[in-house]
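Coordinate inspection notes
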Protein chains: 2
Amino acid sequence: MKSAKTASGRATIYDVAKLVGVNPSTVSRALGQPERVSLKTRKLVQDAVAELNFNVNPLARALPTGRTGLVGLIVSDITNPSYFDIIRGAQSAAAVHGTTLMLAESTESAQTEAIAAQRMQPSTDGIILAGPRMSDPDIIALSEQKPIAVINRHVDGVDSVVPDIEPGINAAVRHLAAQGHHKIAFLSGPDQSWISARRWECLVACCEWMKRETQLIPTTAPTTEGGRIAARNVRASGATAAICYNDLLAIGLMQELQAAAVKVPDDFSVVGIDDIFGSDFTTPALTTIASPLSECGAAALDLVLSALPGSDGNPRVATQRGLHELRATLLVRGSSGKLVAPTQ
Amino acid sequence: MKSAKTASGRATIYDVAKLVGVNPSTVSRALGQPERVSLKTRKLVQDAVAELNFNVNPLARALPTGRTGLVGLIVSDITNPSYFDIIRGAQSAAAVHGTTLMLAESTESAQTEAIAAQRMQPSTDGIILAGPRMSDPDIIALSEQKPIAVINRHVDGVDSVVPDIEPGINAAVRHLAAQGHHKIAFLSGPDQSWISARRWECLVACCEWMKRETQLIPTTAPTTEGGRIAARNVRASGATAAICYNDLLAIGLMQELQAAAVKVPDDFSVVGIDDIFGSDFTTPALTTIASPLSECGAAALDLVLSALPGSDGNPRVATQRGLHELRATLLVRGSSGKLVAPTQ
DNA sequence: CTGAAAGCGCTTACAG
DNA sequence: CTGAAAGCGCTTACAG
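Criteria and thresholds
- Residues numbered from 1 in each chain as written.
- Chains lettered and ligands numbered in written order.
- Predicted model: local features only at pLDDT ≥ 70, side-chain atom pairs only at ≥ 80, totals over all residues.
- Heavy atoms only, no water.
- Contact = heavy atoms within 4.5 Å.
- Salt bridge = Lys/Arg side-chain N within 4 Å of Asp/Glu carboxyl O.
- Polar contact = N/O pair within 3.5 Å; in protein donor to acceptor, adjacent residues only side chain to side chain.
- Helix = DSSP H or I, 4+ residues; strand = E, 2+ residues; numbered from the N terminus.
- Nonpolar A, V, L, I, M, F, W, Y, C, P; charged D, E, K, R; others polar.
- Buried < 20%, exposed > 50% of the residue type's maximum accessible area, 1.4 Å probe, protein only.
- Pairing = 2+ DSSP bridges.
- UniProt positions renumbered as here; feature names shortened; annotations may be inferred.
- Least-squares fit on C-alpha atoms with pLDDT ≥ 70 in both.
- Lys, Arg positive; Asp, Glu negative; His and termini not counted.
- Expected span 1.5 Å × (residues − 1).
- Bend = angle between axes of the 7 residues up to and from the residue.
- Core = buried A, V, L, I, M, F, W, Y, C linked by side-chain atoms within 4.5 Å.
- Axes fitted to C-alpha atoms, helices over the stretch in contact; angles between N-to-C directions.
- Parallel < 35°, antiparallel > 145°, perpendicular 65-115°, else oblique.
- Left-handed = near helix turned anticlockwise from the far one by under 90°.

1. A closer look at the interface of chain A and chain B
Tallying the contact residues gives 49 residues for chain A and 50 residues for chain B. Counting the contacts that link chain A with chain B gives zero salt bridges. At the junction of chain A with chain B, the criterion picks out 13 residue pairs in polar contact (both at pLDDT 80 or more). For the side of chain A that touches chain B, the elements supplying multiple residues, two or more each, are helix H4 (58-65), helix H5 (81-96), strand S2 (100-105), helix H6 (110-120) and helix H11 (247-259) of chain A. Here the side of chain A that touches chain B is composed, by residue class, of 24 nonpolar, 18 polar and seven charged.

2. Topic: the pairing of strand S10 (residues 287-290) of chain A
Residue and element names in this part refer to chain A. Alternating positions in S10 separate into two faces, Thr287 and Ile289 on one and Thr288 and Ala290 on the other, with burial throughout. By the bridge criterion, four bridges tie strand S9 (residues 269-274) to S10 in an arrangement that is parallel. Its bridge partner being in S10, Ile273 is matched across the sheet by Ile289. Sheet analysis places S10 next to strand S11 (residues 329-331), joined by three bridges and oriented antiparallel. Paired with Ile289 across the strands is Leu330, a residue of S11.

3. Notes on the pairing of strand S6 (residues 183-187) of chain B
All names here are of chain B. By the criterion of burial, S6 is predominantly enclosed, with five of the five residues buried. In S6, alternate side chains face the same way, and those of Lys183, Ala185 and Leu187 on one face and Ile184 and Phe186 on the other are all buried. As paired elements, S6 and strand S7 (residues 213-217) share five bridges and run parallel to each other. The residue of S7 that forms the bridge with Phe186 is Leu216. The sheet contact formed by S6 and strand S8 (residues 241-244) spans four bridges and is parallel. Along S8, the bridge assignment pairs Leu187 with Cys244.

4. Section: the UniProt feature "domain: HTH lacI-type" (unreviewed entry) in chain A
According to UniProt, the positions carrying the feature "domain: HTH lacI-type" (unreviewed entry) are residues 11-65 of chain A. Taken end to end, residues 11-65 of chain A is 71% helix and 0% strand, and its two terminal C-alpha atoms sit 21 Å from one another.

5. So, the environment of Phe281 of chain A
Take Phe281 of chain A: it is sitting in the loop between S9 and S10. Taking the C-alpha atoms as reference points, Phe281 of chain A and Ile148 of chain A, 133 residues apart in sequence, are found 36 Å from one another. Ignoring sequence-local partners within four residues, the contact set of Phe281 of chain A consists of Ile251, Gln255, Gly278, Phe281, Thr282 and Thr283 of chain B.

6. What to know about the relation of the copies chain A and chain B
In the superposition of chain A on chain B (RMSD 0.2 Å, axial shift 0.1 Å), the rotation amounts to 180°. On this basis, the relationship between the two copies can be described by a two-fold rotation axis. Residue by residue, 100% of the interface of chain A is reproduced at the interface of chain B, so both copies engage with the same surface.

7. Observations concerning the side chain of Arg199 of chain A
Residue and element names in this part refer to chain A. With respect to the helices and strands, the residue Arg199 is situated in helix H9 (residues 194-210). For Arg199, which is buried and forms no salt bridge, the nearest opposite charge comes from Asp274, at a distance of 4.3 Å. Contact partners of Arg199, with chain neighbours within four places excluded, come to Asn152, Ile165, Ile169, Phe186, Tyr245, Ile273 and Asp274.

8. Things to note about helix H10 (residues 224-236) of chain B
Residue and element names in this part refer to chain B. The end-to-end C-alpha distance of H10 is 19 Å, a good match for the 18 Å that 13 residues give at a rise of 1.5 Å each. Its axis deflected by about 40° at Ala230, H10 carries its strongest bend there. Regarding H10, the residues found buried are Gly226, Gly227, Ala230, Ala231 and Val234. One or two residues past the end of H10 sits Gly238, with phi positive at roughly 85°.

9. Concerning the nonpolar core
Counting residues in each nonpolar core, the largest one holds 87 residues, and the members touching the most others are Ile243, Leu253 and Ile289 of chain A together with Ile243 and Leu253 of chain B. Of all hydrophobic cores here, the second largest spans 56 residues; its members include Val71, Val161 and Val304 of chain A together with Ile86 of chain B.

10. A short note on the packing of helix H5 (residues 81-96) of chain B against helix H12 (residues 293-306) of chain B
Residue and element names in this part refer to chain B. At a minimum axis separation of 6 Å, H5 and H12 run at an interaxial angle of 45°. In terms of orientation, H5 lies oblique with respect to H12. The handedness of the crossing between H5 and H12 comes out as right-handed. Where H5 abuts H12, its residues Ser82, Asp85, Ile86, Gly89, Ala90, Ala93 and Ala94 lie against Leu293, Ser294, Gly297, Ala298, Leu301 and Asp302. Residue composition of the contact of H5 with H12, by class: seven nonpolar, four polar and two charged.

11. Focus: unusual backbone geometry
Residues and elements named next belong to chain A. With an omega of -10°, the peptide bond running from Thr283 to Pro284 counts as cis. Here Pro284 shows up in the loop between S9 and S10. Notably, Lys211 is not glycine yet its phi reads approximately 60°, a positive angle. Inspection of the secondary structure assignment puts Lys211 in the loop between H9 and strand S7 (213-217).

Structure, rendered in structure tokens:
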């Protein structure tokens, strides 16, 4: 540490004030509301700030104002690439607004998630929950303290960002049906995943309409490993195609099927959801229902920020704001296609 | 917001103190140094804390103590999957220590990076710079204010984490030489990337020793797109194999070569560096020099934390601390192999 | 346009 | 073991 201006080694507005010969409050004004200060002092303060290499301490500022300039982002599993896009989107949006992101992970545990949220709560202006595992009441309780935005889940009265999956699922089922598939398996996500249940419901409704069979295959984890493990059950179900809760599951499933000499897509078609990085690296490239994850992250950040006192501040659902880009769309690549050797 | 205990809607130690009937300072002690308070009051305080759902405000605590419990992490490009592993490693390590990560991005610009660091500086206990683009003096200046740890770069007197790339490069060159390759191209990283220069130097030395030719191919960006663009120059160089600054470059190069009907690895071998997520999804799977990125993130966080007043606090280089796992190792997969149809 | 004062929520010597 | 006081760095009515 360098010879200190202050205990923490940095210059404060008092140092600036002394150098300029004004009151600290004037420095504060020159910094925060320059129009309320004479051009001359403004200039003097700027010079002193530059000379002392002064930066305002956002933490100290946060105390009297209640605004920290920090937004928390809690993801359930930082290992999961889907969240990378969300993090990226939120981070970029944050940068635009001069806000900084605080990152935490719930490791798929509702309790860890709640604790992380509690801990972040006092030091942030608001929190984004990406794919939360917490209960609705817990989330609502949280949202009563500070703005909360939820991604991929709907909670009454809480701002949420959930891209419309229906067009994607519809397109996928239609696509598979057209290729001769009659029974479509669904590899589900974690039990507490709200969005997994929605996707399954949507698939059921769609298959009913299209007169196709469908079957739920539970998985041990939303990972490639989980997909691998589920492969046997998928095969045993008699389905000839699968739509998976996420791309990781789909990739794992495909790998395991191929390891068992099941040809994709000739013998079996695989469809993922998300379009994560690398999903087009596989052979065949993964057909997937692309979810605008990065946009979701950005939208969630915008929601939090606009819910802050000073903004318009009406809770709303991003998908209802006419954010037309927040919908899932089918991306047909190589892993889905005509059934060459039906198993039934 | 709920009916407020305080302006920000939360209970403070004053509320707890009032409820218990003690002085706020006693509450503070009961929370921070419970052994300095009678068992009875400690219990009373705990109950009141639970009843009021009180959480200490880390920001307010930070002001008198100078410790924020926050560590900043600045990456040059959040879009680059290599950084995901670093972020992940740092985040996990942070969670273990009850520390929270603040995330920022420099978008490959030295200036943006410096600004981000300046902004983070007052509100964090220390900062991790992953693949910094800033100049040495700037980094040193930063490190004089708060603990700094640098990943994939060496700066005099600054804690740094840089996995030993040499064993990986050596193994790669040996491997390629054994497969009949005589000229090896290197697709370089960004100009300001310290580690790119080191990797190139290392390759030159190794090729010299092994009596192989090598040639530097500059790239426009460390992305798949950059790899694609470089493909033509790589081909023109007469090299029959390439080692790339990172996997993204390698994957792009491979894609473009394949698009031009160049067979990998029969006509040309491609080797990446990092072993990012998805690098084994390609066909052929990418041979790569695996870098322990996640461990680097964790090690950097440990360095920052241990440099804090109260810890032993001697700057050192992680690789010198006997962290044997921090070395790169060759992962031979399908994208490298025997030269079937040499071009020269 | 600027100063002096009080306060944001917490901690920590200093007394007792 | 506990209270009263001062202070961390900043902001914002309130006067002038």
